[in-house]
Amino acid sequence: MAGVRVYELARDLGIASKNLIEELRNQGIEVKSHMSTMDEETAGLVLDFYRPNMATVATSSPVTESSTMLSSTLTQPISPPVELLPPTPPIEPSSPIVRLPEALTVKDFAEALQFKTKDVLMQLMSLGTVASINTVIGLDLANTVAQKLGKDVLLLSEEEAIERSEDNADIDHLEPRAPVVTIMGHVDHGKTSLLDAIREANIQATEVGGITQHIGAYEVETPKGKIVFLDTPGHEAFTAMRARGAQITDIVVLVVAANDGVMPQTREAIAHAKAAGVPIVVAINKIDLPDANPDRVKQQLSDLDLIPEEWGGSTIFVEVSAKRKIALEDLLEMILLQAEILELQSDPHQLAKGTVVEAKLDKTRGPVATVLIQKGALHVGDAYVAGVHYGRVRAMFDDRGRKVVLAGPATPIEVLGFADVPAAGDTFTVVEDERKARHISSIRQDRLRTKQLSQTNRVTLEDLYRRISAGEVKDLNLVIKADVQGSVQALWDAISKLESDKVRLRLIHGSTGAITESDVMLASASNAIVIGFTIRPIPKAAELAVQEHVDIRLYTVIYEAISDVEKAMVGLLKPTYTERILGRAEVRMLFHISRLGAIAGCQVREGVIRRNASARVLRDNVVVHEGRVASLRRVKEDIEEVAAGFECGIGLGRYQDIKEGDVIESFILDEVAPRL
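Only a predicted model underlies this, so the values are computations on that prediction, with no experimental measurement involved. (Residues numbered from 1 in each chain as written. Predicted model: local features only at pLDDT ≥ 70, side-chain atom pairs only at ≥ 80, totals over all residues. Heavy atoms only, no water.)

Caption draft 1: Representation of helix H18 (residues 517-526) in the model. Of all 10 residues in H18, nine are buried; the element is thus mostly enclosed. Buried residues of H18: Ser518, Asp519, Val520, Met521, Leu522, Ala523, Ser524, Ala525 and Ser526, and no others. Of the residues trailing H18, Asn527 is marked for its positive phi of about 55 degrees. (Buried < 20%, exposed > 50% of the residue type's maximum accessible area, 1.4 Å probe, protein only. Helix = DSSP H or I, 4+ residues; strand = E, 2+ residues; numbered from the N terminus.)

Given below as structure tokens:
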């Protein structure tokens, strides 16, 4: 029995590959994974000792007990199986938990804890808070009042209670669930064709130009279990989900064409998968073509740290042909074996939680979202929150358009009933009733508005030292793009030497070509800084970087990039700014208002004049004052800005020496990356 794979031996013995690997390692037999090959003598020894005990093991079904028997047979004579200890129950909190709405009023609080409203109001007053029964109070204050009134309880918001219930799921109710697999790879390497062949349905024919235009989620039934596949149109979509905190996938299948080899999007796919921290299974497609060269693909991927098992690595490679349906069963088996190692489980009795995979506004059905249920079970009629939106399930449809009333863990489902269109990657959570869903949605919308008004928390080179000193940053993640691969490597080699005991430098992705939207989304998801060497971002990528608050640094000399990173790490880097003129207005008349002082009646000649923007007064082209636009009015109304061609009144705060004929120039300072 030469060249027996570990997973094949485990299958013959009827036990999990993971347990067999563990026992082999306990006995000093080193195996790297379920794809490792065992020699004839070792494999025969395992079979000889294990098979006589199959009848005994069959009566004690748990795999862990079977694994214990295997360990004993490898080292000593056969003995009766050892009785396993019962699982340790989860530790219960010392105080009972009371779930309360996030928008908590005094009345809600008193009723929930069976207090007299007047007692609650008196305690609030003693704490310096004057309130009525409809006053909204925070949970921290509510906890303090509860303690003062003698209630030993733990008050949680709906969101906190939901998270706590997930963290303390009943381990007695955990059941195996199907793996969620994302298919990634370069354009035209056969991602959708492969999924099409697996499903035996013509998905690709429905796509414009044969290219996937959206994210699809599909179930595939195999003799050994169900697999859920995600087909993504671009890696930025995959990363957008992760950027919002949604670990939606368990395994990535990297599709590489055997006749084409590793391409730029292949490298991006690997970077995204590694950033997400999920295992990769490589499917070398199109092996039926005359110019196919699977060994060349393996060599190229080995250079990217994806080394085949037969070459001494740990990455699973499967050579397939989607067109001729070659080795598809082998690919599915490898996916299920990888899932077995991951031990994927979920409690189907929980309130459902999942992730929005895609969403749209349907003209006839309203907001519709494809949701991947990850925990619990979703029923028609359930109230839920998805991101900042809420709703109630009006109807559900499976991946083939069939109407269903129940969706369990690892099930992709189309949901109707949203109040508005959610975003891809939003967390979908079922709550007890629609009132609670509405409360949580309201609180999240308020938080979102506050967040949008506040400054970004992304890492930039300017604030790197401050955040290192505060302990906020331990890893500085970088995405490097350059004109040639040699420059990428040279730049990284030089920057990596700057690593210190306070911060570790990590290259998330490095490749050639312009900075793309995918690079920006990867940087956003990984909280990384993008460094471009002798290249520029494409216009859409530059716009996206502003939206996502991603710091892009552009250089033409390597030592300048190295110098900036070094200065940032020791707090010496200072930001540079460029002036951007917004507009100019000519002073036509002066007005004197007692409480405001001099107001300039102006005609905007070009651009716009914006309130609170910086401003300078020009007299005969000489700057006589610099300040800001303190007030801006048009026809007795305060306004934010006035465009060219319109008249307005401009106040410059304490500056009073304005004269007719002066020009008021409005401008702002844009922070820019240092460059030549």
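Caption draft 2: Quick peek at the nonpolar core. Ranked by internal contacts, the top residues of the largest apolar core, which has 30 residues, are Leu194, Phe229, Leu331 and Ile335. Elements supplying a minimum of two residues to this core: strand E6 (180-185), helix H10 (191-199), strand E7 (216-222), strand E8 (225-231), strand E9 (251-257), strand E10 (280-285), strand E11 (316-319) and helix H14 (328-342). Top contributing element to this core by residue count: H14, with eight residues. Leaving out residues up to four positions away in the same chain, Ile335 has contacts with Val181, Ile227, Phe229, Ile251 and Val253. Core analysis: the second largest hydrophobic core is formed by 24 residues, Leu478, Leu498, Tyr555 and Ala568 among them. (Core = buried A, V, L, I, M, F, W, Y, C linked by side-chain atoms within 4.5 Å. Contact = heavy atoms within 4.5 Å.)

Caption draft 3: View of the packing of aromatic side chains. Scanning all chains against the criterion turns up four aromatic pairs. One aromatic cluster in this structure is built from Tyr384, Phe418 and Phe428. Over the ring of Phe397 we find Arg365; its NZ or CZ atom is 5.9 Å from the centre of that ring. (Phe/Tyr/Trp six-rings, centres within 6.5 Å; stacked < 30°, edge-to-face > 60°. Lys NZ or Arg CZ within 6 Å of the ring centre and 35° of its normal.)

Caption draft 4: View of the pairing of strand E17 (residues 389-397). Note that strand E16 (residues 383-386) and E17 share four bridges and pair antiparallel. Along E17, the bridge assignment pairs Tyr384 with Gly391. Between E16 and E17, which pair antiparallel and follow one another directly, the connecting turn spans two residues, one of which, Gly387, has a positive phi of 65 degrees. Sheet topology places E17 next to strand E20 (residues 411-418); four bridges connect them, and they run antiparallel. Across the sheet, residue Phe397 finds its bridge partner in E20, namely Glu414. Summarising the sheet, E17 and strand E18 (residues 403-404) pair through two bridges and their orientation is antiparallel. (Pairing = 2+ DSSP bridges.)

Caption draft 5: Spatial organisation of the sheet that holds strand E25 (residues 552-555). In spatial order, the strands read E23-E22-E24-E25; together these four strands make up an open sheet with parallel pairing. Only two strands of the sheet have a single neighbouring strand rather than two, namely strand E23 (504-512) and E25. Across the sheet, the axes of successive neighbouring strands diverge by a mean angle of 20 degrees, strand direction being ignored. Bridge analysis of strand E22 (residues 475-482) against strand E24 (residues 528-533) gives six bridges, and the strand direction is parallel. When the bridges of E24 are listed, Asn477 appears paired with Ala528. (Axes fitted to C-alpha atoms, helices over the stretch in contact; angles between N-to-C directions.)

Caption draft 6: Expanded view of the packing of helix H17 (residues 485-496) against helix H20 (residues 558-570). Two elements in contact, H17 and H20, have axes whose closest approach is 10 Å; the angle formed by their N-to-C orientations is 30 degrees. Classified by the angle between their axes, H17 and H20 sit roughly parallel to one another. Considering how the two elements wind past one another, H17 and H20 form a crossing that is right-handed. For the pair H17 and H20, the contacting residues are Ala490, Leu491, Ala494 and Ile495 in the first and Ile558, Ala561, Ile562 and Val565 in the second. Its residues assigned to classes, the contact of H17 with H20 comprises eight nonpolar, no polar and no charged. (Parallel < 35°, antiparallel > 145°, perpendicular 65-115°, else oblique. Left-handed = near helix turned anticlockwise from the far one by under 90°. Nonpolar A, V, L, I, M, F, W, Y, C, P; charged D, E, K, R; others polar.)

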